[in-house]
There are 2 protein chains.
Amino acid sequence: MASRRNDAYVKASSGTCLASLLANSVPPGTQRNMRNNPYGQRPEDFLSNVGNFKIIESTLREGEQFANAFFDTAKKIEIAKSLDEFGVDYIECHMDDARLAVETGVDGVDIVIGTSSFLREYSHGKDMTYITKTAIEVIKFVKSKGIEVRFSSEDSFRSDLVDLLSIYRSVDQIGVDRVGIADTVGCANPRQVYDLVRTLKGIISSSTEIECHFHNDTGCAIANAYAALEAGASLIDTSVLGIGERNGITPLGGLIARMMVADREYVMNKYDLLKLRDIENIVAEAVNVQIPFNNYITGYCAFTHKAGIHAKAILANPSTYEILKPEDFGMSRYVHVGSRLTGWNSIKSRADQLKLSLDDMQCKDITKKIKGLADIRELTMASFSLLVLLMLLG
Amino acid sequence: MASRRNDAYVKASSGTCLASLLANSVPPGTQRNMRNNPYGQRPEDFLSNVGNFKIIESTLREGEQFANAFFDTAKKIEIAKSLDEFGVDYIECHMDDARLAVETGVDGVDIVIGTSSFLREYSHGKDMTYITKTAIEVIKFVKSKGIEVRFSSEDSFRSDLVDLLSIYRSVDQIGVDRVGIADTVGCANPRQVYDLVRTLKGIISSSTEIECHFHNDTGCAIANAYAALEAGASLIDTSVLGIGERNGITPLGGLIARMMVADREYVMNKYDLLKLRDIENIVAEAVNVQIPFNNYITGYCAFTHKAGIHAKAILANPSTYEILKPEDFGMSRYVHVGSRLTGWNSIKSRADQLKLSLDDMQCKDITKKIKGLADIRELTMASFSLLVLLMLLG
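Keep in mind that what you see is a predicted model, and the values were worked out from it rather than measured.

## Re the overall build of chain A
Argument step 1. Within chain A, the secondary structure is distributed over 15 helices and 10 strands.
Argument step 2. Looking at the 394 residues of chain A, the share that counts as buried comes to 63%.
Argument step 3. Of the contacts made within chain A by residues no fewer than 6 positions apart, 75% connect residues no fewer than 24 positions apart.
Argument step 4. For chain A, the exposed area adds up to about 14700 Å²; of that, 53% sits on carbon and sulfur atoms.

## Here we look at the relation of the copies chain A and chain B
Argument step 1. Screw-axis analysis of chain A against chain B gives a translation of 0.0 Å along the axis, an RMSD of 0.0 Å, and a rotation angle of 180 degrees. Here the two chains are linked by the operation of a two-fold rotation axis. The rotation axis passes nearest to the C-alpha of Pro-292 of chain A in chain A, at a distance of 2.4 Å.

## Thoughts on the packing of aromatic side chains
Argument step 1. One pass over the structure, following the stated rule, counts 14 aromatic pairs over all chains.
Argument step 2. Here Phe-66 of chain A and Tyr-300 of chain B contribute two aromatic rings whose centre-to-centre distance is 6.4 Å and whose plane-to-plane angle is 65 degrees, an arrangement assigned as edge-to-face. Here Tyr-300 of chain B lies in the loop between α10 (276-286) and β9 (304-305) and Phe-66 of chain A lies in the loop between β2 (54-60) and α2 (73-86), a pairing that spans two chains.
Argument step 3. On the basis of relative accessible area, Phe-66 of chain A is assigned to the buried category, the value being 1%.
Argument step 4. On the basis of an interplanar angle of 20 degrees and a centroid distance of 5.6 Å, the ring pair of Phe-86 of chain B and Tyr-271 of chain B is categorised as stacked.

## Comments concerning the environment of Lys-364 of chain B
Argument step 1. Position of Lys-364 of chain B relative to the elements: it lies in helix α13 (residues 360-374).
Argument step 2. Through-space distance from the C-alpha of Lys-364 of chain B to that of Ile-347 of chain B is 8.2 Å; in sequence the pair is 17 residues apart.

## Observations concerning the UniProt feature "domain: Pyruvate carboxyltransferase" (unreviewed entry) in chain A
Argument step 1. In the numbering used here, UniProt assigns the feature "domain: Pyruvate carboxyltransferase" (unreviewed entry) to residues 164-277 of chain A.
Argument step 2. Secondary structure over residues 164-277 of chain A splits into 48% helix and 14% strand, and the C-alpha atoms at its two ends are 39 Å apart.

## Quick notes on the interface of chain A and chain B
Argument step 1. Across the boundary between the two partners, chain A contributes 87 residues, which contact 87 residues of chain B.
Argument step 2. Taking both partners together, chain A and chain B bury about 7700 Å²; carbon and sulfur atoms supply 54% of that area.
Argument step 3. Seen at the junction of chain A and chain B, the total is 26 residue pairs in polar contact (both at pLDDT 80 or more).
Argument step 4. Broken down by secondary-structure element, the contributors of at least two residues to the side of chain A that touches chain B are α4 (117-124), α7 (190-203), α8 (221-231), α9 (252-262), β9 (304-305) and α12 (308-316) of chain A.
Argument step 5. Classifying every residue of the side of chain A that touches chain B by side-chain character gives 40 nonpolar, 24 polar and 23 charged.

## Some remarks on the nonpolar core
Argument step 1. Counting 174 residues, the largest nonpolar core has Phe-151 and Ile-256 of chain A together with Phe-151 and Ile-256 of chain B as its most contacted members.
Argument step 2. No other element matches the 10 residues that helix α9 (residues 252-270) of chain B contributes to this core.
Argument step 3. Ignoring sequence-local partners within four residues, the contact set of Ile-256 of chain A consists of Ile-55, Phe-86, Val-267, Tyr-271, Leu-273, Ile-297 and Phe-329 of chain A.

## Comments concerning the environment of His-213 of chain A
Residue and element names in this part refer to chain A.
Argument step 1. Secondary-structure assignment places His-213 in strand β7 (residues 209-214).
Argument step 2. Judged by relative accessible area, which is 8%, His-213 ranks as buried.
Argument step 3. As a C-alpha pair, His-213 and Ile-236 span 23 residues in sequence and 6.4 Å in three-dimensional space.
Argument step 4. Excluding its chain neighbours within four sequence positions, the residues that come into contact with His-213 are Arg-61, Glu-62, Ile-181, Ala-182, Asp-183, Asp-237 and Ile-249.
Argument step 5. Side chain to side chain, His-213 and His-215 meet in a polar contact 3.4 Å long.

## A look at the packing of helix α5 (residues 128-144) of chain A against helix α6 (residues 161-173) of chain A
Residue and element names in this part refer to chain A.
Argument step 1. Across the interface, α5 lies against α6 with an axial gap of 10 Å and an inter-helix angle of 20 degrees. Here α6 runs roughly parallel to α5, going by the angle between their axes. In terms of crossing hand, the pair formed by α5 and α6 is right-handed. Facing Met-128, Ile-131, Thr-132, Ala-135, Ile-136 and Ile-139 of α5, the residues of α6 in contact are Asp-163, Ile-167, Ser-170 and Val-171.

## Re α6 of chain A
Residue and element names in this part refer to chain A.
Argument step 1. Across its 13 residues, α6 extends 18 Å between first and last C-alpha, which sits within 8% of the 18 Å expected from 1.5 Å per residue.
Argument step 2. Those residues of α6 that are buried are in contact with α5, β5 (148-154), β6 (178-183) and α7.
Argument step 3. Of the residues flanking the start of α6, the one acting as N-cap is Asp-160, its side-chain oxygen 3.1 Å from the backbone nitrogen of Val-162.
Argument step 4. Backbone geometry just after α6 places Gly-175 at a positive phi near 95 degrees.

## Topic: the side chain of Glu-322 of chain B
Argument step 1. Here Glu-322 of chain B is to be found in the loop between α11 (308-316) and β10 (334-335).
Argument step 2. The buried category is assigned to Glu-322 of chain B, whose relative accessible area is 6%.
Argument step 3. Side chain to side chain, Glu-322 of chain B and Arg-333 of chain B meet in a polar contact 2.8 Å long.
Argument step 4. Setting aside chain neighbours within four positions, we find Glu-322 of chain B in contact with Arg-158 and Val-185 of chain A together with Phe-303, His-305, Ile-314 and Arg-333 of chain B.

## Here's the deal with the domain arrangement of chain A
Residue and element names in this part refer to chain A.
Argument step 1. As far as domains go, chain A holds domain 1 (6-14 + 44-287) and domain 2 (304-393).
Argument step 2. Counting residues at the interface gives 9 residues for domain 1 and 8 residues for domain 2.
Argument step 3. Across the domain 1/domain 2 interface, buried area totals approximately 710 Å², and carbon plus sulfur atoms make up 66% of it.
Argument step 4. Viewed at the interface, domain 2 and domain 1 are joined by 1 salt bridge.
Argument step 5. At the boundary of domain 1 with domain 2, the tally comes to 2 residue pairs in polar contact (both at pLDDT 80 or more).
Argument step 6. If you tally residues by element for the side of domain 1 that touches domain 2, the top one is α9, at 4 residues.

Analysis parameters
Residues numbered from 1 in each chain as written. Chains lettered and ligands numbered in written order. Predicted model: local features only at pLDDT ≥ 70, side-chain atom pairs only at ≥ 80, totals over all residues. Heavy atoms only, no water. Helix = DSSP H or I, 4+ residues; strand = E, 2+ residues; numbered from the N terminus. Buried < 20%, exposed > 50% of the residue type's maximum accessible area, 1.4 Å probe, protein only. Contact = heavy atoms within 4.5 Å. Areas by Shrake-Rupley, 256 points an atom, 1.4 Å probe, with all protein chains shown as cover. Least-squares fit on C-alpha atoms with pLDDT ≥ 70 in both. Phe/Tyr/Trp six-rings, centres within 6.5 Å; stacked < 30°, edge-to-face > 60°. UniProt positions renumbered as here; feature names shortened; annotations may be inferred. Buried area = accessible area lost by both parts, 1.4 Å probe. Polar contact = N/O pair within 3.5 Å; in protein donor to acceptor, adjacent residues only side chain to side chain. Nonpolar A, V, L, I, M, F, W, Y, C, P; charged D, E, K, R; others polar. Core = buried A, V, L, I, M, F, W, Y, C linked by side-chain atoms within 4.5 Å. Axes fitted to C-alpha atoms, helices over the stretch in contact; angles between N-to-C directions. Parallel < 35°, antiparallel > 145°, perpendicular 65-115°, else oblique. Left-handed = near helix turned anticlockwise from the far one by under 90°. Expected span 1.5 Å × (residues − 1). Domains from an automatic or database assignment. Salt bridge = Lys/Arg side-chain N within 4 Å of Asp/Glu carboxyl O.

This is how it looks when you write it as structure tokens:
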């Protein structure tokens, strides 16, 4: 197969082995959280894996396609170890790296071929008959060596549906371990993804797992991953900070944020969330980028509350305006005071933190004064404290 | 209504007026692009507005709730003018700003109240009977002044469905111009959004528009906006770079990226896409953040291609690995050479750019050499060119 990528993957040490992956399908209706979490699995999605998913971490394969990425061997090992400690299920890497990393050979091989008319014409130039025939030969060879094998189409969402289903059924029948779909150009939307995965699920054997790979060009990489899990996929490709070709793929941290809402217990038990920030820092430094200001979970404003109406309620009960708990990730909540959006409740809370005894009237006076001042410039915490002290004195 | 926000909006000069907004519902089956764009409107979504949406730009309201945001009057005017030139339909701002900006009064008023049990208990403490009664009073008053009025629930996705539908029907019956739903904590996923909007659409009059506001805590703000439009909403709240409370809301540029795929013609005709980068630069500078490396459309790697297999096809036909065209936004494509992922096709292309006449064998030799060198460090364009010259000489 002329243009297949030579990628491979290794099972992370804390990940489950294939046998358990295949054994863990839960009978319909018995999933945890199905009834007591309104943001979890929907009762009608009896094939849903939102509470039963695995992560294929591809920072060392897709991530190396990011413009800035160049990992030397030491950095690759550092990243792989961190991801392993975090608890991802598989680590995808280039075949050469896999050879280096695992002396005894890789655990599995990915076979990827572009199936859209675009890729068939401009990339490898092969027709569907050739693709199917060659895929079957390669899969049979790999399986004869006792190695796990995945078959994935590339640019699946711009491929002809009949061609696509036809080749998936063929490779499924000869015993491929899992099949992958890839939104290579980032064009897919969640309802399309749900429909394609549901359809695919219906034509392959129940023991064949579905893996999904989503690019983020049009902002749906996380939502598409979630829709795929709802439809019965069980493996999602991620990379740290989403780095990859163009603006990248489903980010590890963003997927974790989404899945925490769907099944907090599953995520907390499986992944070491306190390590997320460190892994992101390692990769950001290695590829010479800043963590985006609005990054999921670890962006510096992810748990910052500013508007007065929000701050008041957050102080009374954080769940009011937070669906994620900062402490789950070793992060801190920050309620912003010193802007014209400041409410007197956050002033009172800040005064209490400073151990100043102010009554409600005093707090409201200070709030009014701050709102006036903050129209001119933002107040720092220090100048805010000074202001409170001056008002108390005079 | 004790805790409603005092927000308002002004129609952008290039935006359509309410009369035309109400008149533009297209009969089922006649939408443009319905049959010829596989990523556009789905035939079964006969209420879809993916080819007929409007943007409510909220950088001056939601955006000011971003941790770093403090806009003085001059900056507000600069931002508002840029957004107007870009072509957004409405600009949402704080009531005080609206008073300053529009001497003759605002075009519309937003009435927002938290309807989830969290907000009812910890924010304003009102019950649903009180909320409904007060909402009706306020709406009647505003309407009597001849001003457009929107009613929105806050934290809609954690509100009781029966309560929610009940209050929407009440405000619809007394003639509210539009209703809004808000995922205030960023917990919603696209299929939930689709279902809620479809249900809401069924209980309000066909002339009442639906506006949606999505936070991005769990990475679905763009996908949720798209699902809402598919279900029949027609107005989406955005902010520049997505700035807002916590990690923000649907970003203007990200929504544009998504909608370009659904209906390029509509987006190109309506919005001045060449201005997107400037608006983002103005806001990024004003709030003192870097444009994220992976930002939609304008991030520096959004149109960068690195892997050899990608680069070859991109050079033959950019659509192979690009769903968006960089030139539509005044951006450039960059095919990366000088890494160990480099293929000989991109070396050949670079050599042609440099007006060096190399045959295929020479290009393959150079590629091999580059792959070796690039294992040690990334090659700059300059050192790459030097290498090619040295090889030609020797």
